[in-house]
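# A structural walkthrough
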Amino acid sequence: MDLKSSHASPVLADPTPVNKSRLGVHSSLLPYSQTGTSFSSSMYISIPRKNKPGVPDDVRSNGWLDAMLSSSPPRKKLIMDMNSDAVVTDETADNAYASWMLKYPSAINAFEQVTSAAKTKTIVMFLDYDGTLSPIVDDPDRAFMSDGMRSAVKSVAKYFPTAIISGRSRDQVYKLVGLTELYYAGSHGMDIMGPVRFDESDNHLNYHSSTDKKGKEFNLFQPAKEFIPMIDEVFKTLVKNTKGIKGAKVENHKFCASVHYRNVDRKNWPVVGQCVHDLLEKYPRLRLTHGRKVLEVRPVIDWDKGRAVQHLLDSLGLSGRDDVLPIYIGDDRTDEDAFKVLREGNQGFGILVSPFPKETQAFYSLRDPAEVMEFLTRLVNWKEVNDGVAVSAASVPGGQREC
Ligand SMILES: O=P(O)(O)OC[C@H]1O[C@H](O[C@H]2O[C@H](CO)[C@@H](O)[C@H](O)[C@H]2O)[C@H](O)[C@@H](O)[C@@H]1O
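Every chain is numbered independently, its residues counted from 1 as its sequence is written. Under the rules for a predicted model, residues below a pLDDT of 70 receive no local features and side-chain atom pairs below 80 are neither given nor counted, while totals for whole chains, interfaces and linings still include all residues. The basis for the side-chain values is all heavy atoms of the structure; hydrogens and waters are excluded.

This is how it is decided: UniProt positions are given in the numbering used here, feature names are shortened, and annotations may be inferred rather than shown by experiment.
Looking at an unreviewed UniProt entry, the chain carries the name Trehalose 6-phosphate phosphatase, with the source organism given as Kalanchoe fedtschenkoi. UniProt, in its Cofactor (unreviewed entry) section for the chain, records the words "a divalent metal cation". What UniProt states about the chain under its Pathway (unreviewed entry) heading is, verbatim, "Glycan biosynthesis; trehalose biosynthesis."

Spelled out as structure tokens, the structure:
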């Protein structure tokens with residue numbers, strides 16, 4: 001994948017090679033391991049579309065169910081998977097986390113290391129939404145970020161170019177965050193509202209320039225535009241087909257559709273998986289990715305959160321520069337694509353938000369959104385002190401206290 005050429009169309013003219021593993025399971029979708037080994041294409045398991053004539057290819061035989069079961073498991077269950085003989089107590093879980101943190105130090109504990117890397121550089125901040133800025137809750141419509149977090153993100157954006165990169169639709173995540181000073185990428189990076197391109201000569205078809213209510217010019221980049229009617233059709237079919245499954249919820253994110261099973265009785269998870277699986281059989285140009293108790297149907301295009309990060313850096317005229325330090329904070333499997341781009345490009349780093357050990361391409365870790373807020377606040381304070389700006393109470397979430 002040529003990460004530099006975000007100018008080239010990411011829509012694959014012939015999706016066949018990808019389709020071979022379209023219903024296969026990437027190792028990152030299998031239960032998390034503690035090894036920390038990096039992902040590689042050789043780790044894709046290619047599952048035949050049909051096992052034998054007459055034997056249906058279903059969610060149990062193709063590994064989907066395993067992936068669904070391993071999505072967002074309870075902390076103790078993860079430790080048990082790593083060491084099947086262990087009796088898992090809170091102490092065992094704490095020890096496992098502590099030893100994992102030797103490899104992925106807390107970005108708060110290692111704050112000086114972070115700031116020494118940033119000292120002479122421009123930080124560019126990329127933030128995932130669910131599980132990073134807002135806590136994971138049962139109802140996706142009620143995943144609100146706190147006022148303290150909003151204020152921390154606003155302060156970060158005052159000093160550093162900042163973008164939200166979410167699996168949600170761009171409109172939806174924009175409404176939830178509500179800050180005009182940020183860049184937004186929805187649908188896992190397939191819908192980017194970014195700055196007017198640095199490279200003005202690029203008149204790619206996927207671009208669309210516009211002006212917001214305040215007269216600020218921006219560019220929309222939508223590499224999967226042609227899939228909008230297909231996703232809409234798939235969304236409607238999924239709503240219809242999951243109607244009888246109590247707790248299932250389907251979202252239309254314009255360039256991808258999400259099928260949530262968090263609130264579905266565990267015994268019915270295979271039914272949810274089978275519904276999505278059967279639908280995908282009819283749409284060779286769509287594929288599946290797994291998130292936290294959610295199945296996501298998206299176009300087979302060479303585009304993900306990693307490409308979105310690279311695209312935004314290019315648009316800002318900040319890619320491939322030694323004086324720029326991109327930082328990406330995220331909690332989910334889809335964020336790994338962005339961590340990977342930063343790690344492989346040796347241009348900044350990822351911070352994984354997780355309360356338990358996980359295989360990751362990030363460099364640092366934070367336990368939960370509360371720690372994300374603490375990290376962002378410390379970064380703002382550090383920047384203000386470094387720049388000789390007096391630290392104002394207003395810039396510190398929760399900082400306007402009475403004496
Ligand atoms: O890329 P993100 O911003 O992290 O978005 C990923 C998905 O987030 C939402 O679902 C997740 O959060 C919900 C609210 O906490 C939770 O109920 C659900 O189980 C999680 O999967 C969103 O609804 C999805 O569409 C996003 O793809």
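After presenting the structure, the write-up continues.
## Points about the nonpolar core
Using the following cut-off: Among buried residues, those of type Ala, Val, Leu, Ile, Met, Phe, Trp, Tyr and Cys that are joined through side-chain atoms within 4.5 Å constitute a nonpolar core. For the exposure calls, accessible area comes from a 1.4 Å probe over protein chains only, and a residue counts as buried if that area is under 20% of its type's maximum, exposed if over 50%, partly exposed in between. Throughout, a residue-residue contact means that at least one pair of heavy atoms, one from each residue, lies within 4.5 Å.
Counting residues in hydrophobic clusters, the biggest one holds 53 residues, and the most contacted among them are Phe126, Leu238 and Val276. Residues within four places of Phe126 in sequence aside, it is in contact with Ala163, Ile165, Val309, Leu312, Leu313, Pro326, Ile327, Tyr328 and Ile329. Core analysis: the second largest hydrophobic core is formed by 43 residues, Met145, Val177, Phe375 and Trp382 among them.

## With respect to the packing of helix 5 (residues 111-118) against helix 12 (residues 369-386)
This is how the line gets drawn: To obtain an axis, a line is fitted to C-alpha atoms, over the contacting stretch when the element is a helix, and the angle between two such axes runs from 0 to 180 degrees between their N-to-C directions. Only runs of H or I of at least four residues qualify as helices and only runs of E of at least two qualify as strands under DSSP, and these elements are numbered from the N terminus. Orientation is classified from the angle alone, with under 35 degrees giving roughly parallel, over 145 giving roughly antiparallel, 65 to 115 giving roughly perpendicular, and any other angle giving oblique. Rotating anticlockwise by less than a right angle from the far helix to the near helix defines a left-handed crossing, while the corresponding clockwise rotation defines a right-handed one. For this scheme, ten residues count as nonpolar: Ala, Val, Leu, Ile, Met, Phe, Trp, Tyr, Cys and Pro. Four count as charged, namely Asp, Glu, Lys and Arg, and the remainder, Gly too, count as polar.
Closest axis-to-axis distance for the helix 5/helix 12 pair is 11 Å, and the angle between their directions is 50°. By the angle between their directions, the pair helix 5 and helix 12 is classed as oblique. The two elements helix 5 and helix 12 cross, and the hand of that crossing is right-handed. Along its contact with helix 5, which presents Phe111, Val114, Thr115 and Ala118, the element helix 12 presents Phe375, Arg378, Leu379 and Trp382. When its residues are assigned to classes, the contact of helix 5 with helix 12 shows 6 nonpolar, 1 polar and 1 charged.

## Some details on the site of the ligand
As a reminder of what qualifies: Put simply, a residue is near a molecule or strand once any heavy atom of it comes within 4 Å of that molecule or strand. We define a polar contact as two N or O atoms separated by no more than 3.5 Å, with the added condition that, inside protein, one atom must be a possible hydrogen donor and the other a possible acceptor, whereas residues neighbouring each other in sequence contribute only through side-chain atom pairs. The definitions used throughout rest on a 1 Å grid laid over the protein atoms alone, on which a cavity is an enclosed set of points accommodating a 1.4 Å probe that cannot get out and a pocket is an open set flanked by protein within 12 Å on both sides along at least five of seven lines; lining residues are those having an atom within 4 Å of a point. In this scheme, a molecule is assigned to a cavity or pocket if more than half of its atoms are within 2 Å of the grid points.
Not every one of the 21 residues close to the ligand is listed here, only the nearest: Asp128, Val137, His253, Arg262 and Arg292. Contacts to the ligand include Asp138, whose backbone N or O atom sits 3.5 Å from an oxygen atom. At 3.2 Å, a side-chain N or O of Ser258 approaches an oxygen atom of the ligand. Using a 2 Å cut-off from the grid points, one finds that the ligand occupies the largest cavity. Mapped by element, the contributors of at least two residues to the shell around the ligand are strand 8 (257-260) and strand 10 (294-299). Looking at the shell around the ligand residue by residue, the class counts come to 7 nonpolar, 5 polar and 9 charged.

## Examining empty space enclosed by the protein
Selection rule: Grid points are joined across faces, edges and corners, and a volume is the space filled by probe spheres set on the points.
For the structure shown, the criterion picks out 5 cavities of 30 Å³ or more. Computed from the structure, the largest cavity encloses a volume of approximately 350 Å³. Of all the elements in the fold, those that place two or more residues in the lining of the largest cavity are strand 8 and strand 10. For the lining of the largest cavity, a count of residues per class yields 4 nonpolar, 8 polar and 12 charged.

## Here we look at the sheet that holds strand 10
Hydrogen bonds along the backbone pair up the strands of a sheet, which may run parallel or antiparallel. Note the following rule: Any two strands with at least two DSSP-identified bridges between them are counted as paired.
Taken together, 4 strands build an open sheet; the order of strands is 7-8-10-9 and the sheet is antiparallel. The sheet is open, and its two borders are formed by strand 7 (249-252) and strand 9 (286-291), each paired with just one other strand. Pairwise comparison of adjacent strand axes, ignoring direction, gives a mean angle of 20° for this sheet. When strand 8 meets strand 10, the two strands line up antiparallel, connected through 4 bridges. Within strand 10, the position partnered with Ala257 by the bridge is Val297. Packed on one face of the sheet, helix 8 (residues 228-241) meets strand 7, strand 8, strand 9 and strand 10 and runs near 165° to strand 7.

## Some details on the packing of aromatic side chains
Where we set the bar: Any pair of Phe, Tyr and Trp rings, taking the six-membered ring for Trp, is counted once the centres come within 6.5 Å. Such a pair is stacked with planes under 30 degrees apart, edge-to-face with planes over 60 apart, and tilted for the rest.
What the rule picks out here adds up to 10 aromatic pairs. Summarising the aromatic geometry, the rings of Phe111 and Phe375 are spaced 5.9 Å apart at their centres and angled 80° between planes, so their arrangement reads as edge-to-face. Residue Phe111 is located in helix 5, and its partner Phe375 is located in helix 12; the two are separated by 264 residues in the primary sequence. As far as burial versus exposure is concerned, Phe111 and Phe375 are alike and both buried. Geometrically, the ring pair formed by Tyr174 and Tyr184 is edge-to-face, given 5.0 Å between the ring centres and 85° between the ring planes. Of this pair, Tyr174 sits in helix 7 (residues 170-177) while Tyr184 sits in strand 3 (residues 183-186), and the two are 10 residues apart along the sequence.

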